[in-house]
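So the chains spell out like this:
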There are 2 protein chains.
Amino acid sequence: MSSDRLIYLPLGGAGEIGMNAYVYGYGKPGKERLILVDLGVTFPDMDTTPGVDLILPDITWLAERRDRLEGVFITHAHEDHVGAVAHYYEQLGAPIHARAFTANIARAKMAEHGHPDTAVRVVSPWPETVTAGPFTVGFAPISHSIPESSGLVIDTPGGRLVHTGDFKIDTDPVVGEPFDREMWESIGADGIKAMICDSTNVFSEHAGRSESSVGAPITELIQGRPGMVVATTFASNVARVKTLAEAGVRAGRSVCLMGRAMNRMVEAGKQTGVLTGFPATIPPEEASKLARESVMLIVTGSQGERRAASAQLANGKYNGITMKEGDTFLFSSKTIPGNERGVIRIMNQFSEQGVDVIEGDDRYHVSGHANRPDLDAMHKILRPQILIPMHGEHRHLREHVKLAKSNRIEGVVAVNGMMIDLGGNAPKVAEYIETGRTYLDGSVKIGAMDGIVRDRIRMALNGHVMINVIIDEDDAPLGDPWVEIMGLPETGRARAPLVDVLEEDLAQFMGRAGDKTLADDDKLEQGLRRVARQSTQTETGKRPEVTVVISRLTE
Amino acid sequence: MSSDRLIYLPLGGAGEIGMNAYVYGYGKPGKERLILVDLGVTFPDMDTTPGVDLILPDITWLAERRDRLEGVFITHAHEDHVGAVAHYYEQLGAPIHARAFTANIARAKMAEHGHPDTAVRVVSPWPETVTAGPFTVGFAPISHSIPESSGLVIDTPGGRLVHTGDFKIDTDPVVGEPFDREMWESIGADGIKAMICDSTNVFSEHAGRSESSVGAPITELIQGRPGMVVATTFASNVARVKTLAEAGVRAGRSVCLMGRAMNRMVEAGKQTGVLTGFPATIPPEEASKLARESVMLIVTGSQGERRAASAQLANGKYNGITMKEGDTFLFSSKTIPGNERGVIRIMNQFSEQGVDVIEGDDRYHVSGHANRPDLDAMHKILRPQILIPMHGEHRHLREHVKLAKSNRIEGVVAVNGMMIDLGGNAPKVAEYIETGRTYLDGSVKIGAMDGIVRDRIRMALNGHVMINVIIDEDDAPLGDPWVEIMGLPETGRARAPLVDVLEEDLAQFMGRAGDKTLADDDKLEQGLRRVARQSTQTETGKRPEVTVVISRLTE
């Protein structure tokens, strides 16, 4: 009879930055009781996921074992950690545990899907704990760029685990709990079996800076600007929003928040008591009436998102406000790789309006993740037996294992789907689980491998030819093939309409086709497709997607 | 009678970084004799130009005035300056002037299109000149990241212009001509009417570094690495390729060049005599047989291009070579904004192979463009009456005008299509010309505004529904509508196949449709489209593109 084991299985977030979902299990192999830490989303892009609304982890494995799932634990309220809770509540069913601010955000998502409030349970911070099967889980406050972020202290019969969540070492985070070195030392005092650790900034060599360091430079910046000042940051970075608002007030300006997400986050902060002393703000109607040099706007859209406030201001007007020569737009944020084009588009639109744009200036932004020296410090505070890097692309995880080795800690690169047995002195791979991505496409969930998005990409790259032929009762063509095109040039090499060329080539093919071909839908379709692709290639140099419809008239 | 005027008209490259094409004219308004400086391309992306092969400036305005075009002058052999010469040779017809290395590259492009060698004329550098109507044009050597880059000294009856082309101030550029301050001072000695100036790095505050500064650090890096070392850079940066090769040799390794573009560029450099003393290289077959620590590869694909050598190595194997644990991959390059995703993908693939990747490290790369202090120096060397920034997005042009103002030089932001009259003491807008982009799509040129690419994007975002109905001789439906879908979920809310749901809804519509609708193709199509979009929206939350084919049987 095999003995109990302690396992770790990332379903998302390991080998990528986004859609975090980490399973822990304890028990007999194949019968472990399970908990899930975080359930987030990733955002789509045109290159790989055109038309997709959200990317979710594929949780098939977990859903099939939902009877063994004791609970879901959310470390903090960023979309890549909490964004999928409502989408998967039906499949998983388990209660969702989170601290008050995170729970507030999670409940709003649940409400949108008609799920009950009670499914989300508010937990108090460490040293209080929640028991879930063989696990006892505590939410230990840790500094990050959103209130009430927590590292999870997971006690198991196999030893204590620490799942850091996203974190930085910040002893003055403006809003919320400072990094508490003593608390973490005491958590680690009796030994840590494994630390599962944020890896985002492992390549950043310099020590991280405190959130509190940006206030003075931002104030100074605003004081020196003649016109309206508009600043953007991540809506969820409530500390930064407060810093910006306070800087505006100190510079003698009235502050106005714009964008649904930002108002929502500030509201959640106030409701849950984590955000106090937030300066008074004015509504947009009022801001639009004040002298420009008396106004500061704080807006959503730091990543150039097309529908956010910043993009709309860049387009010309938002909430009755237009930016003008002499105004200033500050990105108090970092552009996430892949979002450069959208951000640059906005910067140029503002430039056309005569607005001075400040972007990529370290004085006005600090990261919410631990840099390499801070990761190193965390290794040394907790001295885990095993380090498993998470929240990183493969290169981050690999580098983080190197850092662990330099601290004489056993590490392993475990990417999504790799089930790790934490039982021994060193981590070992127990099993490979099939994982992947699920797309929320409109209102439907589709699999990343279903071929639907692949077809969309192909249509976008190659264009689409549609062919209709009608075959009569005697298997003879009734009239000539009919062609429609979409996304292809109207005329090609022959300088005649492409549709005409295709119709003629297809008609010739039909004329040559034997009875056997005409009687066989598959053969006929194959032939028509081949001719259409070849002719389009000759005419335009492109090999299009082809859809053939054969209508057979019957008596 | 109006008098002669001197005009500047960018058709590409002003308000963007890419597809440079600048027109100069002198003569009576509307009858100016013209020259074109540079004729380059821009590269497409999935967000805005899926399936497009190359983006060219729209030269309609110039082609309509080809009888007034005296010549085309190419400053250097980068694709964004020379890439469109062959595509537009037929429309423009004018002779193409370039220095030997640039001409070598241009002629290869012309040959691919079957255009004559003689269309490209090799010119000697300044102080020699070419006369083209009222213009006398000299190619004054200027340092950049490709051999024989030249600033153009354009003498006109309206005064002397300097079109800098792309440049940096580098007195030790490894390959080719050092920046010659005395020459430029003498060019400016009698006064410059206008300088049309590179703006790429106007936001880079520190002084630029010399190409020669990267050799030693790269050598040191290679010497310290245990396995194979692979480096990538822009193929056209012949100086860097040479620096990398020399560093490899100094580190005791055999050097192998990989990738068509890189071999082509080095060949052109040797053929034209600009590249001398290039170390001996070995072919890939030989490299694959040597001990890993004895080999250095220099490969194409620094921007993550999918078909380049670096991407193929990252995918597993290229030219018989596979990378392994302990190998090193060096990006001796900068990632151009927008290319981050492709570069990061490669970095992670290499990470999975155990390869150490070095990217974004300033020690191993310097820019080919003048930073702000160097732009400032150039202003002071030439002291032009007017400065017109080019080779920049709007934000770069605007910032460069500010820099000019700080030097008490009149400047103007002139974007594509703004014709500037350089006659007075300050530049003024003479006219707005319709400009834009032309897409090379397969083998066909299409207009950016033709709607073809827009349709492709829509199919990619929304999916495509195709509907076929057959109407008999009496305007009655023959059978039910037939639906095909592409890029849409197979089942939606009803949990029945989407195609079945659509066919049923469309059949119901046909059943309800009156004779008038059934007899009218437009009305029928409109109705079918509306029902299909609405039903798809209900089922999937997406409003697809719809193509309707109505086949009417006639006697």
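Residue positions are given per chain, counting from 1 as you read along its sequence in written order. Going through the entries in the order they are written, you letter the chains from A and number the ligands from 1. Given that this is a predicted model, residues contribute local features only at a pLDDT of at least 70 and side-chain atom pairs are listed and counted only at 80 or more, while totals for whole chains, interfaces and linings are drawn from all residues. Based on all heavy atoms of the structure, the side-chain values leave hydrogens and waters out of the count.

K.L.:
Help me out: how do you make sense of the sheet that holds strand 16 (residues 295–299) of chain B in this one?
P.N.:
Either a parallel or an antiparallel arrangement is found when strands of a sheet pair, and the pairing is made through backbone hydrogen bonds. All names here are of chain B. Two strands qualify as a pair provided DSSP detects at least 2 bridges between them. Strands are runs of DSSP state E lasting at least 2 residues, helices are runs of H or I lasting at least 4, and numbering of each runs from the N terminus. With parallel pairing, the five strands of this open sheet are ordered in space as 15-16-14-17-18. The open sheet has two edge strands, strand 15 (254–258) and strand 18 (356–358), and neither has a second partner. Each strand axis lies, on average, 20° off the axis of its neighbour in the sheet, ignoring direction. Of the strand pairs in this sheet, strand 14 (residues 229–232) and strand 17 (residues 328–331) are connected by four bridges, and their pairing is parallel. Looking across to strand 17, one finds that V230 is bridged to F329. Pairs of residues are marked as contacts when any of their non-hydrogen atoms sit within 4.5 Å. Simply put, an axis is a line fit to the C-alpha atoms, just over the touching stretch for a helix, and the angle between two N-to-C directions goes from 0 to 180 degrees. Of the strands in this sheet, strand 14, strand 15, strand 16 and strand 17 are in contact with helix 7 (residues 238–250), which crosses strand 16 at around 175°.

K.L.:
Help me understand helix 12 (residues 372–382) of chain A, please; the structure alone is not making it clear to me.
P.N.:
Residues lying three or four places apart along an α-helix face the same way, a consequence of the helix completing one turn every 3.6 residues. Residue and element names in this part refer to chain A. Buried residues dominate helix 12, accounting for nine of its eleven residues. Packed against the buried residues of helix 12 are strand 12 (159–163), helix 5 (181–188), strand 13 (192–198), strand 19 (384–390) and helix 13 (394–406). One or two steps after helix 12, the chain reaches R383, where phi turns positive at roughly 40°. Exposed residues in this analysis have more than 50% of their type's maximum accessible area, buried residues have under 20%, and partly exposed residues fall in between, with area computed by a 1.4 Å probe over protein chains only.

K.L.:
Where do I start with the packing of helix 12 (residues 372–382) of chain B against helix 13 (residues 394–406) of chain B in this structure?
P.N.:
The angle between the axes and the distance between the axes are what describe a pair of packed helices. All names here are of chain B. Look at helix 12 against helix 13: their axes get within 10 Å of each other, and the N-to-C directions meet at 50°. By the angle class used here, helix 12 and helix 13 are oblique. Crossing hand, helix 12 versus helix 13: right-handed. Residue-level contacts link R372, L375, D376 and H379 of helix 12 to E399, H400, L403 and A404 of helix 13. Here the word oblique covers every angle except those under 35 degrees (roughly parallel), over 145 (roughly antiparallel) and from 65 to 115 (roughly perpendicular). Handedness of a helix crossing follows the sense of rotation of the near helix relative to the far helix, less than a right angle counterclockwise being left-handed and clockwise being right-handed.

K.L.:
Is there a simple way to explain the layout of surface pockets in this structure?
P.N.:
With a probe scaled to a water molecule rolled over the atoms, the places where space remains empty come into view. The definitions used throughout rest on a 1 Å grid laid over the protein atoms alone, on which a cavity is an enclosed set of points accommodating a 1.4 Å probe that cannot get out and a pocket is an open set flanked by protein within 12 Å on both sides along at least five of seven lines; lining residues are those having an atom within 4 Å of a point. Grid points are joined across faces, edges and corners, and a volume is the space filled by probe spheres set on the points. In this structure, the second largest pocket occupies an estimated 670 Å³ of space. Only helix 3 (85–92) and strand 25 (444–447) of chain A together with helix 17 (521–540) of chain B provide two or more residues apiece to the lining of the second largest pocket. When residues in the lining of the second largest pocket are grouped by element, the largest group, four residues, is from helix 3 of chain A. Here the term charged refers only to Asp, Glu, Lys and Arg, the term nonpolar to Ala, Val, Leu, Ile, Met, Phe, Trp, Tyr, Cys and Pro, and the term polar to all other amino acids, Gly among them. When the residues that make up the lining of the second largest pocket are grouped by side-chain class, the tally is five nonpolar, nine polar and seven charged.

K.L.:
Quick question: what am I supposed to make of the sheet that holds strand 19 of chain A here?
P.N.:
All names here are of chain A. Sheet architecture is open: seven strands sit in the order 9-10-11-12-13-19-21, paired in mixed fashion. With partners counted over all chains shown, the strands left at the sheet margins are strand 9 (129–132) and strand 21 (410–411), one partner each. Here six bridges tie strand 13 to strand 19, and the two strands are oriented parallel to one another. Directly across from A194, in strand 19, lies its bridge partner I386. Contacting strand 10 (135–141), strand 11 (150–156), strand 12 and strand 13, helix 5 crosses the sheet at an angle of about 160° to strand 10. On the sheet, helix 13 packs against strand 13, strand 19 and strand 21 and is oriented at approximately 160° with respect to strand 19.

K.L.:
Help me out: how do you make sense of the packing of helix 15 (residues 498–512) of chain A against helix 17 (residues 521–540) of chain A in this one?
P.N.:
Residue and element names in this part refer to chain A. It is at 9 Å that the axes of helix 15 and helix 17 come closest, and there the two elements cross at 140°. It follows that helix 15 is oblique to helix 17 by the angle criterion. For the crossing formed where helix 15 meets helix 17, the hand is right-handed. Across from L498, V501, L502, D505, L506, F509 and M510 in helix 15, the residues of helix 17 making contact are L524, G527, L528, R530, V531, A532, S535, T536, E539 and T540. Class assignment of the residues belonging to the contact of helix 15 with helix 17 gives a composition of ten nonpolar, four polar and three charged.

K.L.:
Sorry, what's going on with the interface of chain A and chain B here?
P.N.:
Taken together, the contacts link 61 residues of chain A with 61 residues of chain B. A buried area of about 5,200 Å², summed over both sides, lies between chain A and chain B, and 60% of it is on carbon and sulfur atoms. Throughout, the accessible surface (probe 1.4 Å) given up by two parts as they are put together, summed over both, is called the buried area. Looking only at chain A, the three residues that lose the most surface to chain B are M46(A), R341(A) and M486(A), adding up to 13% of its buried area. Salt bridges are counted wherever a side-chain nitrogen of Lys or Arg sits within 4 Å of a carboxyl oxygen of Asp or Glu. Along the contact surface separating chain A from chain B lie eleven salt bridges. Here K542(B) ties to D441(A) by a salt bridge, and the two come within 3.3 Å at their closest N and O atoms. Distance and chemistry together define a polar contact, namely a pair of N or O atoms within 3.5 Å, with one atom able to donate a hydrogen and the other to accept it when in protein, and with adjacent residues in sequence counting only for side-chain atoms on both sides. Counting across the chain A and chain B interface gives 37 residue pairs in polar contact (both at pLDDT 80 or more).

K.L.:
Just to check I follow, could you spell out the environment of L6(B) for this structure?
P.N.:
Residue and element names in this part refer to chain B. Note on placement: L6 falls in strand 1 (residues 5–12). Since its relative accessible area comes to 2%, L6 is described here as buried. Placed 22 residues apart in sequence, L6 and K28 show a C-alpha to C-alpha distance of 8.9 Å. In this structure L6 touches G25, Y26, F135, T156, G158, L161, K193, I420, D421, L422 and G423, once residues within four positions along its chain are discounted.

K.L.:
Just to check I follow, could you spell out the environment of I169(A) for this structure?
P.N.:
Relative to the helices and strands, I169(A) resides in the loop between strand 12 and helix 5. Taking C-alpha positions, I169(A) is 8.0 Å from H144(A), a pair spaced 25 residues apart along the chain.

K.L.:
How should the packing of aromatic side chains be read in this particular structure?
P.N.:
The relation between two aromatic rings is expressed through the spacing of the ring centres and the mutual angle of the planes. Two rings from Phe, Tyr or Trp (for Trp, the six-membered ring) form a pair when their centres are within 6.5 Å of each other. A pair whose planes differ by under 30 degrees is stacked, one over 60 is edge-to-face, and the rest are tilted. Enumeration according to the criterion identifies ten aromatic pairs over all chains in this entry. Between the aromatic rings of Y8(A) and Y22(A), the centroid separation amounts to 6.3 Å while the plane-to-plane angle is 10°, which identifies the pairing as stacked. Of the two residues, Y8(A) is situated in strand 1 (residues 5–12) and Y22(A) in strand 3 (residues 21–27); the sequence distance between them amounts to 14 residues. This pair shows no difference in class: Y8(A) is buried, exactly as Y22(A) is. Measuring from centroid to centroid gives 5.1 Å for F329(B) and F331(B), while their planes differ by 65°, and the two rings are edge-to-face. What makes F331(B) buried here is its relative accessible area of 1%. Through pairs of rings, three or more aromatic residues link up here, namely Y8(A), Y22(A) and Y24(A).

K.L.:
Can you help me understand the pattern of salt bridges in this one?
P.N.:
Pairs may arise between side chains of opposite charge once their charged atoms sit close together. Applying the stated criterion across every chain yields a total of 63 salt bridges over all chains. Salt-bridge contacts for D45(B) lead to R341(A); the nearest nitrogen and oxygen are separated by 3.7 Å. Within this pair, whereas D45(B) is found in the loop between strand 4 (33–37) and strand 5 (54–57), its partner R341(A) is found in helix 11 (residues 340–352), the two belonging to separate chains. What makes R341(A) partly exposed here is its relative accessible area of 30%. Through salt bridges with shared partners, one network takes in R372(A), R398(A), E399(A), K402(A), R225(B), E325(B) and D356(B).

K.L.:
Got a minute to help me understand the relation of the copies chain A and chain B in this structure?
P.N.:
Think of it as a corkscrew move, a rotation about one axis and a shift along it, taking one chain copy to the other. To superpose the copies, least squares is applied to the C-alpha atoms of every residue with a pLDDT of at least 70 in both. Aligned on chain B, chain A shows an RMSD of 0.1 Å; the corresponding rotation is 180° and the shift along the axis is 0.1 Å. Such a combination of turn and shift is consistent with a two-fold rotation axis. Nearest to the rotation axis, the C-alpha of A460(A) is located 2.7 Å from it, this being the minimum over chain A. When the interface residues of chain A are mapped onto chain B, 100% of them again fall at the interface, so both copies present the same face.

K.L.:
What is the right way to read the confidence of the model for chain A from this model?
P.N.:
In low-pLDDT segments, the atomic positions of the prediction should not be examined closely. A score from 0 to 100, pLDDT tells how confident the predictor is in each residue. Averaged over chain A, the pLDDT score is 96; the fraction of residues at 70 or greater is 99%. Of the two predicted TM-score estimates for the complex, the pTM is 0.95 and the ipTM is 0.94.

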